[in-house]
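Examination of the molecular architecture
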Amino acid sequence: MHNLLEKIFGWLYPLLRKISLGNLTASYISLILNILILCVLAYIIYIVFRLVLISLMSIVAKKTKTNFDDLLVSNQTAKYIAHLIPFLFIYKSVPIILDKYDYWESIFGKMVEVYIVLLSLWIVRSILKATSDFLKEQPRFSDKPIDSYIQVIMIVLWIFSIGIIISEIFDINKNTLLGILGAISAIIILVFRDTILGFVASVQVSLNDMVRIGDWITFDKFGADGDVIEINLATVKVRNFDNTTTTIPTYSLISDSFRNWRGMLKSDGRRIKRHILIQSKSIRFLNEEELFKMKKIQIISDYIDSRQLEINKYNKTYNVDKSLPINGRNITNFGLFRKYITNYLEKYPGINKNMILLCRQLQPTAQGIPLEIYAFSKDQRFEQYEHIMADIFDHIIASVAYFDLEIYELSTDKSL
C-alpha cells in the first residue's frame, strides 16, 4: 500500500516540501498552518477517492451475478477504504511537512498510526461481515454458526491490533510486548473466560452437529422452546413459539441437557403418546348377548367371531363350567375396546403404519387404569400433528360409552 501511495502521490511530496512553512518566525503558527495544509490535502483526497471507490464498487456490484460485492457495498467497505487512503497519505507526509518539528511529528505520527490500525481493523470487519452474510445465504452454510467463527477472528485481530497500538504509542519492542502479554495471560483468560468457554462450546457444537440454525430445541432450564435463530460465540438465540426470544449461553449446550427435535422432524413420523384413565369398576366380562350387539361395530365384528370360536373351543376342550363368567376364558369390554382402538388406528389415514402402533394398558393407578395410545403421525408439522391427535382422542373418548366403560373424572358433586 505504501509503495502504491508513493507512485500515486510521488509528485505531491516535493510540492509539500516547497510549501512547508517551517521557516516562519512564529513556529507555532507555522506548525498549525502546516497541519492545516496537510488536512486540507487529505480531505480533498478523501472526497475524490470516496466518490471514485463507492461509484466504482456500486457499478461492479450491479453488473456481476454474485451477491458478495453487493454485500460489500451494504457493509460500507468502500467508505472505510476511502477513509484509510488519506490517512496513509498523512502518515507518509508527516515527516515531510513537520520536518522542523520533531516533537510534534512524533505525536502526530503516532496518532495517525493508531487511527490507521483501527481503520484497517474496521475494513477487515466489514469484509468479514459481508462474508458472513454471503455464507448465510448459501444453503449448505445456512445452518452453520458462521457468526461464532467471525467473532473468533475479530477477537484475535483486536488482540493483535491492541498490541500494535501499545507498542507504537509507548515505543515498546514487539518481543517485549509479547513477553508482557504472556505474563498477564492469566488475567486475560479470566477477563475473557466466557468468550473462551463460548468458543470451545461453539467448536464442539459445530463439530458434533449438536445444534443448527433453524433447529427446534427445548431447554427447560432457560425456558426455551422454539427455533434457533442465531448461534454466536457467547450465546444462542431461540425464538420461542410465543414469539418471545430466549438467550442461552453457548457453553450450556455442552454442559447441560437439552432436547433437539431435528431428528423427529426428519423422520417418517412424530410420536403420539397420550393416555386416558378408565375406571376399574366399569371393566367386566361380556356375555353372548352383549357380544352379539357389539358385532354391529364393523371394524371388530370379524375379531369377535374369531375370538368367540377360539374361546368356545378352549372352554369346551377343558369342560369349563360357564355358569360363572369367571370360569375359563372370556372377552372383557376393556380388552375389546383396546382391540377396537388398535383397528381404528390401523385404518386412520394420518397414522404411519410402518412405525410402532400400540394401544396398551399401563400400571393401574388410584385414579383408574391408563389406556395409552403409542403411535406416530405421518405429518410432523405442529398444527397438523395436534389436529391428528385431537381427532383420534375425540373418537376414542366418544367410543368409550359403546363398550360400557367409564372415564375417570374428578367429582363435581359438592355433597361428596
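Up top you'll find the structure we're talking about.
Predicted model, so just to flag it, every value in this text is computed and none were measured.

Calculation notes
- Residues numbered from 1 in each chain as written.
- Predicted model: local features only at pLDDT ≥ 70, side-chain atom pairs only at ≥ 80, totals over all residues.
- Heavy atoms only, no water.
- Pairing = 2+ DSSP bridges.
- Helix = DSSP H or I, 4+ residues; strand = E, 2+ residues; numbered from the N terminus.
- Axes fitted to C-alpha atoms, helices over the stretch in contact; angles between N-to-C directions.
- Contact = heavy atoms within 4.5 Å.
- Parallel < 35°, antiparallel > 145°, perpendicular 65-115°, else oblique.
- Left-handed = near helix turned anticlockwise from the far one by under 90°.
- Nonpolar A, V, L, I, M, F, W, Y, C, P; charged D, E, K, R; others polar.
- Phe/Tyr/Trp six-rings, centres within 6.5 Å; stacked < 30°, edge-to-face > 60°.
- Buried < 20%, exposed > 50% of the residue type's maximum accessible area, 1.4 Å probe, protein only.
- Salt bridge = Lys/Arg side-chain N within 4 Å of Asp/Glu carboxyl O.

1. Concerning the sheet that holds strand β6 (residues 270-278)
- If you trace the three strands from one edge of the open sheet to the other, you get β6-β8-β7, paired in antiparallel fashion. For this open sheet the edge positions go to β6 and β7 (358-361), each flanked by a neighbour on one side alone. Averaged over all neighbouring strand pairs, the angle between strand axes comes to 20°, with direction disregarded.
- Its contacts with the sheet place helix α15 (residues 333-347) against β6, β7 and β8 (369-377), and it is angled at close to 10° to β8.
- Most of the contacts of helix α16 (residues 382-399) go to β6, to which it runs at about 25°, and overall it touches β6 and β8.

2. Structural notes on the packing of helix α14 (residues 298-317) against α15
- One way to put it is that α14 packs onto α15 with a least axis distance of 9 Å and a crossing angle of 130°. In terms of orientation, α14 lies oblique with respect to α15. Crossing angle aside, the handedness with which α14 passes α15 is right-handed. Across the interface between the two elements, I299, I300, Y303 and I304 from α14 touch L336, K339, Y340, N343, Y344 and K347 from α15.
- Its residues assigned to classes, the contact of α14 with α15 shows seven nonpolar, one polar and two charged.

3. Some points on the packing of aromatic side chains
- Scanning the model with the defined rule gives twelve aromatic pairs in all.
- Between the aromatic rings of Y43 and Y46, the centroid separation amounts to 6.3 Å while the plane-to-plane angle is 40°, which identifies the pairing as tilted. Here the residue Y43 and the residue Y46 both occupy positions in helix α3 (residues 27-63), the gap between them amounting to three residues, near one helical turn.
- Of the residues examined, Y46 reaches a relative accessible area of 11% and is grouped as buried.
- With a centroid separation of 6.4 Å and an interplanar angle of 15°, the aromatic rings of F241 and F382 are classed as stacked. Here the residue F241 occupies a position in the loop between β3 (235-240) and β4 (245-249), and F382 occupies one in helix α16, the gap between them amounting to 141 residues.

4. What about the pairing of β8?
- Summarising burial for β8: nine of the nine residues are buried, a large majority.
- The two faces of β8 match: I369, L371, I373, A375 and S377 on one face and P370, E372, Y374 and F376 on the other face are all buried.
- Pairing analysis gives four bridges linking β7 to β8, with the strands arranged antiparallel. Considered in β8, the bridge of C359 is made with I373.

5. So, the pattern of salt bridges
- Inspection of the entire model under this criterion finds eleven salt bridges.
- Residues R381 and D379 are paired through a salt bridge, measuring 2.7 Å at the closest nitrogen-oxygen approach.
- Classification of D379 as buried rests on a relative accessible area of 18%.
- Beyond isolated ion pairs, a larger network of salt bridges with shared partners links K273, R360 and E372.

6. Comments concerning the environment of I407
- Considering the arrangement of structural elements, one finds I407 in the segment after α16.
- Judged by its relative accessible area of 25%, I407 falls in the partly exposed class.
- Sequence separation of I407 and L277 is 130 residues, and the distance between their C-alpha atoms is 5.7 Å.
- Apart from the residues within four sequence positions on either side, I407 is in contact with L277, I278, Q279, I397 and V400.

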